[in-house]
Protein chains: 4
Amino acid sequence: MSTLHDPSTRGFASDNYSGIHPEVLDAIAEANGGHQGAYGGDDYTARLQDVVREHFGARAEAFPVFNGTGANVVALSAATSRWSAVVCAETAHVNVDEGGAPEKVSGIKLWTVPTPDGKLTPALVDRQAWGWGDEHRAQPHAVSISQTTELGTCYTPEEIAELAVHAHERGMLLHVDGARIANAAATLDLPLRSFTTDAGVDLVSLGGTKNGAMLGEAVVVLNPELTGPIKYLRKSAMQLASKMRFVSAQLIALYEGDLWLRNARHANAMARRLEEAVRGLPGLTVLRPVQSNAVFAVLPREATERLQKRFRFYTWDERTGEVRWMASFDTTEADIDAFAAAVAAELRG
Amino acid sequence: MSTLHDPSTRGFASDNYSGIHPEVLDAIAEANGGHQGAYGGDDYTARLQDVVREHFGARAEAFPVFNGTGANVVALSAATSRWSAVVCAETAHVNVDEGGAPEKVSGIKLWTVPTPDGKLTPALVDRQAWGWGDEHRAQPHAVSISQTTELGTCYTPEEIAELAVHAHERGMLLHVDGARIANAAATLDLPLRSFTTDAGVDLVSLGGTKNGAMLGEAVVVLNPELTGPIKYLRKSAMQLASKMRFVSAQLIALYEGDLWLRNARHANAMARRLEEAVRGLPGLTVLRPVQSNAVFAVLPREATERLQKRFRFYTWDERTGEVRWMASFDTTEADIDAFAAAVAAELRG
Amino acid sequence: MSTLHDPSTRGFASDNYSGIHPEVLDAIAEANGGHQGAYGGDDYTARLQDVVREHFGARAEAFPVFNGTGANVVALSAATSRWSAVVCAETAHVNVDEGGAPEKVSGIKLWTVPTPDGKLTPALVDRQAWGWGDEHRAQPHAVSISQTTELGTCYTPEEIAELAVHAHERGMLLHVDGARIANAAATLDLPLRSFTTDAGVDLVSLGGTKNGAMLGEAVVVLNPELTGPIKYLRKSAMQLASKMRFVSAQLIALYEGDLWLRNARHANAMARRLEEAVRGLPGLTVLRPVQSNAVFAVLPREATERLQKRFRFYTWDERTGEVRWMASFDTTEADIDAFAAAVAAELRG
Amino acid sequence: MSTLHDPSTRGFASDNYSGIHPEVLDAIAEANGGHQGAYGGDDYTARLQDVVREHFGARAEAFPVFNGTGANVVALSAATSRWSAVVCAETAHVNVDEGGAPEKVSGIKLWTVPTPDGKLTPALVDRQAWGWGDEHRAQPHAVSISQTTELGTCYTPEEIAELAVHAHERGMLLHVDGARIANAAATLDLPLRSFTTDAGVDLVSLGGTKNGAMLGEAVVVLNPELTGPIKYLRKSAMQLASKMRFVSAQLIALYEGDLWLRNARHANAMARRLEEAVRGLPGLTVLRPVQSNAVFAVLPREATERLQKRFRFYTWDERTGEVRWMASFDTTEADIDAFAAAVAAELRG
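Since the structure is predicted, the reported quantities are computational estimates derived from the model, not experimental observations.

## Some thoughts on the sheet that holds strand 2 (residues 84–89) of chain C
The pairing of strands in a sheet happens through backbone hydrogen bonds and is either parallel or antiparallel.
Residues and elements named next belong to chain C.
Next up, step 1: Read across the open sheet, the seven strands follow the order 1-7-6-5-4-2-3; overall the sheet is mixed. Either end of the sheet is taken by a strand with one partner, and the two such strands are strand 1 (61–65) and strand 3 (109–113). In this sheet, neighbouring strand axes are inclined to one another by 25° on average, regardless of whether the strands run parallel or antiparallel.
Next up, step 2: For strand 2 and strand 4 (residues 139–146), the ladder comprises five bridges, and the chain directions are parallel. Bridge pairing links Cys 88 to Ser 144 in strand 4.

## Looking at the domain arrangement of chain A
All names here are of chain A.
Next up, step 1: Considered domain by domain, chain A is made up of domain 1 (21–255) and domain 2 (259–348).
Next up, step 2: Here the C-alpha centre of domain 2 lies 28 Å away from the C-alpha centre of domain 1.
Next up, step 3: Listed as interface residues are 24 residues of domain 1 and, on the opposing side, 19 residues of domain 2.
Next up, step 4: Buried area between domain 1 and domain 2, summed over both chains or domains, comes out near 1900 Å², and the portion from carbon and sulfur atoms is 55%.

## Remarks on helix 7 (residues 157–169) of chain C
In an α-helix there are 3.6 residues to a turn, and that puts residues three or four apart on one side.
All names here are of chain C.
Next up, step 1: Helix length check: helix 7 (13 residues) gives 18 Å between terminal C-alpha atoms against 18 Å at 1.5 Å per residue, within 8%.
Next up, step 2: Within helix 7 the residues assigned to the buried category are Pro 157, Ile 160, Leu 163, Ala 164, His 166 and Ala 167.
Next up, step 3: Lining the buried residues of helix 7 we find helix 6 (122–126), strand 4, strand 5 (173–178) and helix 8 (181–188).
Next up, step 4: Positive phi appears at Gly 171, one or two residues downstream of helix 7, with a value of about 75°.

## A look at the pattern of salt bridges
Next up, step 1: Under the definition given, this model contains 72 salt bridges over all chains.
Next up, step 2: A salt bridge links Arg 193 of chain B to Asp 198 of chain B; its shortest N-O distance comes to 2.9 Å.
Next up, step 3: When the shortest N-O distance is used, the salt bridge between Asp 317 of chain D and Arg 319 of chain D registers 3.7 Å.
Next up, step 4: The network of salt bridges with common partners includes Glu 23, Asp 258 and Arg 262 of chain A.

## Regarding the relation of the copies chain B and chain A
Next up, step 1: In screw terms, the move from chain B to chain A is a rotation of 180° and a rise of 0.0 Å along the axis, fitting with an RMSD of 0.0 Å. Here the symmetry operator amounts to a two-fold rotation axis. Identified as the residue of chain B closest to the rotation axis by C-alpha distance is Val 105 of chain B, at 2.4 Å.
Next up, step 2: The fraction of interface residues of chain B whose copies in chain A are also interface residues reaches 100%, indicating that both copies meet through the same surface.

## Concerning the environment of Tyr 155 of chain D
Residue and element names in this part refer to chain D.
Next up, step 1: On the secondary structure map, Tyr 155 appears in the loop between strand 4 (139–146) and helix 7 (157–169).
Next up, step 2: Residue class for Tyr 155 comes out buried when judged on its relative accessible area of 1%.
Next up, step 3: For the pair Tyr 155 and Gln 291, spaced 136 residues apart in sequence, the C-alpha to C-alpha distance is 9.4 Å.
Next up, step 4: Non-local contacts of Tyr 155, meaning those with residues more than four positions away in its chain, are made with Gly 118, Lys 119, Leu 120, Ile 145, Ser 146, Gln 147, Thr 149, Ile 160, Leu 163 and Leu 188.

## Thoughts on the interface of chain A and chain D
Next up, step 1: Taken residue by residue, the interface counts 20 residues in chain A and 20 residues in chain D.
Next up, step 2: Taken together, the two surfaces of chain A and chain D that pack against each other cover about 1900 Å², and 58% of this comes from carbon and sulfur.
Next up, step 3: Per-residue buried area on chain A facing chain D is highest for Arg 82, Glu 135 and Tyr 232 of chain A; these three make up 43% of the total on that side.
Next up, step 4: For the interface between chain A and chain D, the tally reads zero salt bridges.
Next up, step 5: There are 14 residue pairs in polar contact (both at pLDDT 80 or more) connecting chain A and chain D.
Next up, step 6: If one sorts the elements of the side of chain A that touches chain D by residue count, helix 9 (residues 227–236) of chain A sits on top with six residues.

## Comments concerning the sheet that holds strand 2 (residues 84–89) of chain A
Residue and element names in this part refer to chain A.
Next up, step 1: Taken in spatial order, the seven strands of this open sheet run 1-7-6-5-4-2-3, and their pairing is mixed. Strands with a single pairing partner mark the edges of an open sheet, and in this sheet they are strand 1 (61–65) and strand 3 (109–113). Averaged over neighbouring strand pairs, the angle between their axes works out to 25° when direction is ignored.
Next up, step 2: Sheet analysis places strand 1 next to strand 7 (residues 217–221), joined by five bridges and oriented antiparallel. Paired with Phe 63 across the bridge in strand 7 is Val 219.
Next up, step 3: Each of strand 1, strand 6 (203–206) and strand 7 is contacted by helix 10 (residues 245–255), which is oriented at about 120° to strand 1, the strand it contacts most.

## Quick notes on the packing of helix 8 of chain C against helix 11 (residues 259–278) of chain C
Residue and element names in this part refer to chain C.
Next up, step 1: Running from N to C, helix 8 and helix 11 point in directions that differ by 75°, and their axes come no closer than 8 Å. The angle between helix 8 and helix 11 places the two elements in the roughly perpendicular class. On the side of helix 8, the interface is formed by Ala 182, Asn 183, Ala 185, Ala 186 and Thr 187, while helix 11 contributes Trp 260, Leu 261, Ala 264, Arg 265, Ala 267 and Asn 268.
Next up, step 2: Residues that form the contact of helix 8 with helix 11 fall into these classes: seven nonpolar, three polar and one charged.

Analysis parameters
- Residues numbered from 1 in each chain as written.
- Chains lettered and ligands numbered in written order.
- Predicted model: local features only at pLDDT ≥ 70, side-chain atom pairs only at ≥ 80, totals over all residues.
- Heavy atoms only, no water.
- Pairing = 2+ DSSP bridges.
- Helix = DSSP H or I, 4+ residues; strand = E, 2+ residues; numbered from the N terminus.
- Axes fitted to C-alpha atoms, helices over the stretch in contact; angles between N-to-C directions.
- Domains from an automatic or database assignment.
- Contact = heavy atoms within 4.5 Å.
- Buried area = accessible area lost by both parts, 1.4 Å probe.
- Expected span 1.5 Å × (residues − 1).
- Buried < 20%, exposed > 50% of the residue type's maximum accessible area, 1.4 Å probe, protein only.
- Salt bridge = Lys/Arg side-chain N within 4 Å of Asp/Glu carboxyl O.
- Least-squares fit on C-alpha atoms with pLDDT ≥ 70 in both.
- Polar contact = N/O pair within 3.5 Å; in protein donor to acceptor, adjacent residues only side chain to side chain.
- Parallel < 35°, antiparallel > 145°, perpendicular 65-115°, else oblique.
- Nonpolar A, V, L, I, M, F, W, Y, C, P; charged D, E, K, R; others polar.

Written as C-alpha cells, this is what we have:
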C-alpha cells in the first residue's frame, strides 16, 4: 500500500486528526514478531501495569481498550449497577459525543448539569445528586468529570479532591474521563497521581489516541474494589483486543518515559501561542481560559467561513459563532504563525 | 520502548497470537504523517471502499471496526430490530466466545442449533426458525454463519446460497462471520464474492486481525438496504476509530493485492502439513476435515500435557481430550515439522 | 380477605392514591367468568378497539399495558431505532420518574430541555433537535410531550399541532404521554382527537389508572406505520397481560361512555375549588395555572409541616417549599373545604 | 360496560384463559375505597409480607409485580451482574415464551440445556455451568428452574436441594419460576417452604395469575442479600404498580388461607381425571407424568383437528402432534367428562 494522502497537511480541527508519533510507531514495531498470548496475556500488557503504577500508585491496574468511548463506558459500567445513574456536565463527552453509548450499551442514565466552563463543583453535582432510596429516580451512583474538560478548562487537584470527598460521602464513585489527561498534567505542571489517585479518584479513562497513539486508551482502576468486573465488562462491551500487545506497547511508549508529557506540553504551548497571537484582534474574543490544547474564540462568521476554506477547524457553537482551534503533538510553530497571520489578515481587513 | 518478548517463539494456540505482517506494518507507516479527517473522513477509508468493491461488487460498503465481536454485533444489530432473534450454530463465536455481547449490547436473542460440524443447513435453521407473528417468541430475523466455522470447516458457495434463499424466503437476512473468510477462499480456491455477494449474503464481518493485521475488521454491507443504520450502530457500539485511517490502511494492505490470500493459503497449508504428519500416529485421531488453518485432534491426555509444556496450544474439549492446533501466516514449515516430530515422539513413545 | 384500611381516608398526595371507581370495578366483574383467549384474544380487547376508534379515529389501534411507564417505553421504542434519542421536557415523567426505564429497557437517550411550565415549544425542541446525520450525536427521532404536563399545565390543540408539524418536518415522531389526558380534555372542553389525531400526534399513552382504573393503560397508535412492532415490543417489555380482558374491560368502562370525562371534570373542579379557596391567603402563592387536577403552591415550610401531620400531600420542590395538592375522581367538596379551612387556619394563624 | 362474552364457555387451552376466582374478586373490592399510599405504601402490601413469611419463613420478602415475565426478569436481574448468564432448561418459559425479555431488558445470556422432561439436574447444569474466570464466556451466575415445569413435571424437595447445593458451591444462585408453584405443592402434598426456603432456593417468582388471580405475581426473595436491588429493578423494569394494594390484595386472597392450594388441587385433580379417562384409548399416548394441571398427549392429527373445532386447546409440538390439555381452578368434572368422551368418540371412531 502506498501513501494516499499529503503528509505535510495539518490543521486545527482536532487532535485526533494527527497521526502516530514516531516513537509510538517504533514501539508497535518493537512489539512485533513471534507469538504472544492473546487478550492481554502478553509481556507488554504486563509491563504496562508497572508503567501505570509508577504514575498512579501501587494499587492501580490498567485495562487497555480501543477508544475513549469504550474506556468511559467500561469504567462507568464498573462504577454502577443496572439501576444507576451518573452525574456529569451537560457538555461531557459521554453525554454529547458518544452516540448514546452509555445508555445503549449499559442502560446508564446520565443526570446532566449545565456548567459555565465544563467543570462540575459539589454544588453543581448536588443539582442532580439526590433521591437515593427513591426507586422512581435512577440512582446517582457515580460522578464523571473530564480532565481537561471538553471546553479546554482544567481542574486543580484540590477541586477534584473536593469532588471526590463530596461523591464518596454520598455513596458515589468518581470517574475521570482523561482523554486529555496529559494536557492537564502539563498545564498544572503536576504528576498524574496528584489529581487522580491522591485526590481520591476511583477510575480513570487514560487517554492515548489524542496524544500521539494510533489507537488505544486504558481504563485505570484506582479503587481496587472495582477491579473484578472490568475484564468481563471490557469483553462484553467489545473492547477486548486480541493482539493487545500492540495497544499496550503504544501506551508504554507514551507513559514509560516522558513522551506523554512532551507531547502534551507541546500541544498546550502551541495553543497558547495561538491565543497570544490572536488575542486582541479586532472582532475576536477568546472566551475561555486556555488550559489545554484548544483555543475557543468568537469571531465574525464571514471571517470563519473564509478561514475554513484554507484551514480545517470546526465551529463549536452555531448559535454564537464560537470556533474551536486545536493543537496537536505535531503542530509546529510555523503552523501556528501562518494561521494566526491569516486570522489577523481576515480581521484587520 | 524496547522489545520485551522473544520474537522467535511461535506456537499453535491461535492465529491471533501472531503479530503484524510486515506489509501491514508498512501500510500503517505509509498512512502516517500529517492530518487526516477523523472517524473515517480520510483517504484510506475512501480507498478501502474501492478495494472492498473489487472483492464484493459495486454495491458493497465497508465500515471498519476494531474487532470481530464488534463487527458481528454491529452487523447483527443492523440486521435485526429490538424484538428480533438470530439463528446460529451452538458453536458460533457469537454464541460462545463473545461474553454475551450480542445479548448485552443489543438485546439480541440467539436461537442456537447443535450441529455436527459447525455448519448450518436449511433443515438445521428450521429447528429454530419458526414462530413468526407470535410475540411470545423472539422473532427470528437473521441467520448467522461462520465461514470458515469455529471447527475449521468450510461452506461451499452452493451451501451458502441455499441458506440465503432459505433465509430470505422466511424474511430473514444472512450474515457471515468472516473472521477467517480468507481461509475459506483459500480452501475453496474461489473469489470472496462467489460465496458472499453472489450467494445472496447480506452482511459480512470481514476479518483482518487473524490474518496478519494488528487489529481491524470491517462490516461489509452487501444488501444496500442495510447501509443506513451502520454508522450509528458502529458509533453507539463503541467501534468507531477516530484515527480510522490506520485501520483502513491495514485492510487495504491485506485486500488490495493478494496478501490476504497468501497469508491464508500459507496458514492453511501449514495446517494440512501438520495433519498429514500426525494422521495415523498411534492413539491420535483427527476429528474434522482440515478446511482451514486448524487441526482438531484427539490424543491421550498425558501426551497433551507433556506437549503443552513445550508448545502452546489449547485443549478444545475437556471432556473428550480434543485439542486444537492453529497455524498462522507466520508459521514455518520448520515449526510444523518440529511440532509434528514432538507429537510423534510422544505417541510412539 | 378482609378490609385492612380505612376507606374513609382521602388525601391530596396523588391521584393514584385513590382506588377503583365503582363502575370500573363492576366492569371487571362483568368480564369475569368462563374462559377467554389470553394475551388479547378476548372479546373485551376487541371491543376496546371500537371504543378507542370512536375517540381517536378509524385508524387508531389500542394495545393495553399495565402501567404508564410501560405505555411510554413501548410507545417510544416503537418510535425509535437502536441509535435514536427522544427530545422531552426536563420535567417529563419519562425523564424524572421512571427509574431510568427508557434508557435501561430500550437504550433510549433522552435529550432534555428546561421549560418554564413543563410544555415544549418548537423553539424549545430545537434546543436539542439537531445533529441528524452526525453519528456522534444520538439521533433525535421523536418528541415526547405530556398532556396534561407534570406541572398541571395543558397544551392547546394548536400548540400540539404546531409541535407535530415541527417534528414531522424534521423526521421526528410525536408522542403524547397521556397519563392525565382526560384532565386535558376536561380543561380544554374538547374531544380527545382534537389534540391528538387531528393535531398530527403519532402515538398516545392513554391513561386509565390515575382516572379511576385499578391498573391499566394503553398504547394508542395513531400512525398506522408504527403498529407492526408494538405487539413484540409490548411482550419483550413485559407489558403483555395474559388475562388482558380485565385490563381492556377497565378501559372500556372508562372510555365507552363518559366516565373518563366525568372523573376528570370532577377532579379538575376539585382542584379549582381548592385553588379558589386558598388563593390570596397570606403567605401562599399559587405558582402555576390550574389546568388539571393539581394545585401547586408555595407556603411557609412550618405551615406545610403542620398540615402534613393531618393531610397527606407531597413537597414538590424542597428548595422552594413548593407543594403539590392533587385531587382525584373521589375527592369530595367536603374534603376540599376541610383542607382549605385547615390551610387558612395555618396561614391566618 | 356489559358482559360481552359467554361465561359458560371453558376450554383446555391454558390456565390463563380462566378468569378471577370469586374470592380474589371479593378481595379486590374489599381493598377498594379511600386513599392508600401508592407504589406499595399501603396496608395490603404490608400484610402480604406477613402472609408470605408464613409460607417462606421469617426472612422472606415479597415484591408484587404484574406478570410472570416481570417476576422472572426482575428476579434474574437481581441474581446477576451485567456480565452474567443464567443456566436454564431449553424448555424454560424464560427461554421460549418471554419474547427475549431477559436478553432485551437486562442483557442476560441464557445458557440452555436440553432435558428429557423439563427438569435440570446437577449433571445437566454442568453442561453449561463452566468457564468462570474466562471473560470470553458469559459467566454463569444463576440457575433458573420452573416448578412445576413447562412440561407438567415436578421436582421433589430433594432434587431442588441438590441443585441449590450444586449451584451455591459454584457461586451461582438458584431461582424458581413458580408460575405454577401451587400445583407443585399440591402434587407433592408439602408446604411451599419445603421445596424453596428449606431447599436453599434464593429467589422465587410466586405465581398468582394462573391460579385464580386477575393479574399479579411476586418476586419472593429468600436470600436477604438480594433484597436491596429489587425495588429499583422492579421500577426500571416497569413492573411497579401504583395502586399496588390491588395486586397485593389478590395475593393475600390466594395465600392467606388455603385458596391457593384448593385451586391447585382442583386443577391437578381435573388433569388427572382427564388423563385417567383417556389413557389407553386407541392411538393416544400420554407422554409425560401428570404432576400438575396439564396432560400432554399424542394422538392422530385428524382427531386433534376435529376436536379443536369444538374444544379450545393447543398443539404443543407440531412435529410430533403432541397436544397440551390444561385444567384450571374453574374446570368442572362435567367439563372433563364431556371432553374425554369426545376424545374417546374420535379415537374409537
